[in-house]
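Secondary and tertiary structure notes
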Amino acid sequence: MAIHFISDLHLADDTPALNQLFLDTLADWRGRIGALYILGDLFEYWVGDDDDSPYLEAPLAAMRAFAAQTPLYVMRGNRDFLLGAGFEARSGARLLDDPTLIDAHGQRILLSHGDALCTDDAAYQQFRAMSRSPQWQQAMLAKPLAERHAIARHARAQSEMNKRQTGLTGISDVTETAVRELLAAHGWPTLIHGHTHRPAHHRHDASSRWVIQDWHGAAGGYLQLDDAGIRPLSLQIR
């Protein structure tokens, strides 16, 4: 059966159409595909596995139902890097390291969120290194839940301001050097990632790179891998 890849859904309490699209998609794909890989930023932000926000109940329940019939994998993104063992228990999903190499349908596929490849953004790479450290995460998770939500909301507001000032996404693109180094380190497989919100298919010598379409409004994109290869497809709320 085909394998599907999605990324950058950015589900939140104020994205009801996207949340419903996610529920509908899981219900439609459950038991009908070989596996689903979510490559980061499933949520607009994740402040810890103890988050009890009411809007999370429906997507987590839908993920548990999906995972009972179909393998479900989730990679941390730059918005939900605090996903942990508690999330796995609540969702039924298995967390993946970034990057992760898989073999499927006769192809070697390297999966990544993509933010680590944006090496021209030095300030972000410094934050990324700091926020992935166990010490930083322990200190953050020790804060009261309400304070963590306030910090996340502030970061979200700053991100929206940056988008307005810098253009469509406000996100740096990956660099050719970082992509080639990653591909070379893993024997030049096909690379699939999200993060940049720039869906496309690129060639890199003997390898190729697919960027997954993000979800926005009431529509989204995904990549399908089967014996015929990889192809981008779209979906929208019914």
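Thresholds, definitions, all that
- Residues numbered from 1 in each chain as written.
- Predicted model: local features only at pLDDT ≥ 70, side-chain atom pairs only at ≥ 80, totals over all residues.
- Heavy atoms only, no water.
- Pairing = 2+ DSSP bridges.
- Helix = DSSP H or I, 4+ residues; strand = E, 2+ residues; numbered from the N terminus.
- Axes fitted to C-alpha atoms, helices over the stretch in contact; angles between N-to-C directions.
- UniProt positions renumbered as here; feature names shortened; annotations may be inferred.
- Contact = heavy atoms within 4.5 Å.
- 1 Å grid on protein atoms, 1.4 Å probe; cavity = no way out; pocket = protein on both sides within 12 Å on 5 of 7 lines; lining within 4 Å.
- Points joined across faces, edges and corners; volume = space filled by probe spheres on them.
- Nonpolar A, V, L, I, M, F, W, Y, C, P; charged D, E, K, R; others polar.
- Salt bridge = Lys/Arg side-chain N within 4 Å of Asp/Glu carboxyl O.
- Buried < 20%, exposed > 50% of the residue type's maximum accessible area, 1.4 Å probe, protein only.
- Phe/Tyr/Trp six-rings, centres within 6.5 Å; stacked < 30°, edge-to-face > 60°.

This paragraph deals with the sheet that holds strand β6 (residues 107-112). Within the open sheet, the 5 strands sit side by side as β5-β6-β7-β9-β8. Their pairing is mixed. Pairing within the sheet leaves two strands with one partner each, and these edge strands are β5 (100-104) and β8 (200-204). If you compare each strand with its neighbour and ignore which way they point, the axes differ by 25° on average. Relative to strand β7 (residues 190-193), β6 is paired through 4 bridges, and the arrangement is parallel. Residue pairing in the sheet places L110 in a bridge with L191 of β7.

A word on the sheet that holds strand β3 (residues 72-75). In a beta sheet, neighbouring strands pair by backbone hydrogen bonds and run either parallel or antiparallel. Reading across the sheet, the 6 strands line up as β4-β3-β2-β1-β10-β11 and stay open at both edges, with mixed pairing between neighbours. Of all strands in the sheet, those with a lone pairing partner are β4 (94-96) and β11 (229-236), marking the two edges. Looking at each pair of strands side by side, their axes are set apart by 25° on average, direction ignored. Taken together, the 4 bridges between strand β2 (residues 35-39) and β3 define a ladder with parallel strand orientation.

Mapped onto this numbering, the UniProt entry gives "binding site: Mn(2+) 1" (unreviewed entry) at D8, H10, D41 and H197. These annotated residues cover 190 residues of sequence, but their C-alpha atoms sit close together, with the largest distance between any two at 11.7 Å. Structurally, D41 is set in the loop between β2 and α2 (57-67). Those residues in contact with D41 that lie beyond four places of it in its chain are D8, L9, H10, G77, N78, R79, D80 and H113.

The subject of this paragraph is the layout of surface pockets. Estimated volume of the second largest pocket: approximately 250 Å³. Along the wall of the second largest pocket there are 17 residues; nearest its centre are R76, D97, D98, R128 and R132. Broken down by class, the residue content of the lining of the second largest pocket amounts to 7 nonpolar, 4 polar and 6 charged.

With that out of the way, let us pick up the pattern of salt bridges. Under the defined criterion, the tally for this structure stands at 10 salt bridges. Between D50 and R148 there is a salt bridge; the shortest N-O distance is 2.9 Å. A residue pair is termed long-range when its members are at least 10 positions apart, and D50 in the loop between β2 and α2 and R148 in helix α6 (residues 145-166) qualify at 98 residues. Residue classification places D50 among the partly exposed residues on the basis of a relative accessible area of 43%. As a salt-bridge pair, E147 and K143 come within 3.8 Å of each other at their nearest N and O atoms. When its relative accessible area of 36% is taken as the criterion, E147 is described as partly exposed. One salt-bridge network, held together by shared partners, links D14, E44, R79 and R156.

So, on to the packing of aromatic side chains. The relation between two aromatic rings is expressed through the spacing of the ring centres and the mutual angle of the planes. Taken as a whole and assessed by the stated rule, the structure comprises 10 aromatic pairs. Ring geometry for F127 and W136: centres 6.1 Å apart, planes at 85°, overall edge-to-face. Take W136: its relative accessible area is 21%, and that puts it in the partly exposed class.

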